[in-house]
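A look at the structure
What follows is the residue order along each chain.
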Amino acid sequence: MVGSAPIKLNKGMIFDAVPEDKYQVQVTDVTAVVALNTYKGVEEEKLKFEFTILDEDKTMISKDDFGKEAESKLRGRKLWARFSKNLSVANGRLSVTGKASNLSKLLMAIYGRPLEEPELEVWEPEDTMGKQVCVMVNQTPDGKGNIWNNCVSFSPIKKEMTPVEKNAKESSTKKSTPAVADNGEDFEQEMDKVAAKRAKS
């Protein structure tokens, strides 16, 4: 034996990106992270949402390390999305028109209605834990041979699916900052692109 310390096995799993599709998901974690704002060129605190797929009937074919194909269920797979800590407010309520923030669009889809300003003033990210929402997911190559999933649009659910067990670890979000307007990306445009791409295939 070379040296006295044993070799450590760093166990992990590599997952293929899920297919482009609409999934019903559950919010299973919300954390505060520091990330670069590419528009402003500065680092800022964002909210990182973890979504767990609930659909029982959706599957995908993937390859193992030896190239063998196998079908696997997508229920339980995780998706993530980061949001600026900004809520778009107009006429005293949550707004999703024009260049509304992506967080505003997520909340509109989760609650199915525009929250009133007094509700928004006391809203905390942890309030979404366990809630269900539909998400449109696309695939984006990074130019290095990897394909990543992006959550490009959110919509209300028609009926609840069997939930997954709630995440045991505590959410590590901080207190929300007051609602302010945000000029975020438009999810609807992204969804139109995904729908057009799917229609061609």
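Residues numbered from 1 in each chain as written. Predicted model: local features only at pLDDT ≥ 70, side-chain atom pairs only at ≥ 80, totals over all residues. Heavy atoms only, no water.

**Here we look at the environment of Thr28**
Filter applied, for reference: Each helix is a run of H or I in the DSSP string that is no shorter than four residues. Each strand is a run of E no shorter than two, and both are numbered from the N terminus. Two N or O atoms count as a polar contact when they lie within 3.5 Å, although within protein this holds only if one can serve as hydrogen donor and the other as acceptor, and sequence-adjacent residues are included solely when both atoms are side-chain atoms.
Looking at where Thr28 falls in the secondary structure, it is placed in strand β1 (residues 21-37). Remark: the alpha-carbon pair of Thr28 and Thr52, spanning 24 residues in sequence, is separated by 6.4 Å. Reaching out from Thr28, the side chain makes a polar contact with the side chain of Glu50 at a distance of 2.6 Å.

**Let's talk about unusual backbone geometry**
Positive phi is not limited to glycine here, since Asn91 has a value of about 55°. Its location among the elements puts Asn91 in the loop between β6 (89-90) and β7 (93-94).

**Focus: the nonpolar core**
Our working rule: To qualify as a nonpolar core, a set must consist of buried Ala, Val, Leu, Ile, Met, Phe, Trp, Tyr and Cys residues joined through side-chain atoms within 4.5 Å. Relative accessibility under 20% of the residue-type maximum defines a buried residue, over 50% an exposed one, and the middle range a partly exposed one, all with a 1.4 Å probe and only protein chains included. Here a residue-residue contact requires only that any non-hydrogen atoms of the pair lie within 4.5 Å.
Ranked by internal contacts, the top residues of the largest apolar core, which has 30 residues, are Phe49, Phe51, Leu79, Leu106 and Phe154. Those elements giving two or more residues to this core turn out to be β1, β2 (42-53), β5 (78-84), α1 (102-111), β8 (132-141) and β9 (147-155). In this structure Leu106 touches Phe49, Phe51, Phe83, Val133 and Phe154, once residues within four positions along its chain are discounted.

**Digging into the side chain of Thr128**
Positionally, Thr128 belongs in the loop between α2 (117-122) and β8. Looking at Thr128, its side chain comes within polar contact range of the main-chain oxygen of Pro125, at 2.7 Å. Beyond its immediate stretch of four places on either side in the chain, Thr128 contacts Val27, Val30, Phe49, Leu107, Ile110, Tyr111 and Trp123.

**Notes on the packing of aromatic side chains**
Short version of the rule: Here is the rule: rings of Phe, Tyr and Trp (six-membered ring for Trp) pair when centre to centre is within 6.5 Å. Planes less than 30 degrees apart are stacked, more than 60 are edge-to-face, and the remainder are tilted.
Evaluated as defined, the whole model comprises four aromatic pairs. Ring plane angle 85° and centroid distance 5.3 Å describe the contact between Phe49 and Phe83, whose orientation is recorded as edge-to-face. Highlighted residues: Phe49 in strand β2 and Phe83 in strand β5, separated in sequence by 34 residues. No difference in accessibility class separates Phe49 from Phe83, as the two residues are buried. Ring plane angle 45° and centroid distance 6.0 Å describe the contact between Phe83 and Phe154, whose orientation is recorded as tilted.

**Quick notes on α1**
In terms of burial, α1 is a largely internal element, nine of the ten residues being buried. Of the residues making up α1, those classed as buried are Asn102, Leu103, Ser104, Lys105, Leu106, Leu107, Met108, Ala109 and Ile110. Remark: Gly112 follows α1 within two positions and exhibits a positive phi of approximately 75°.

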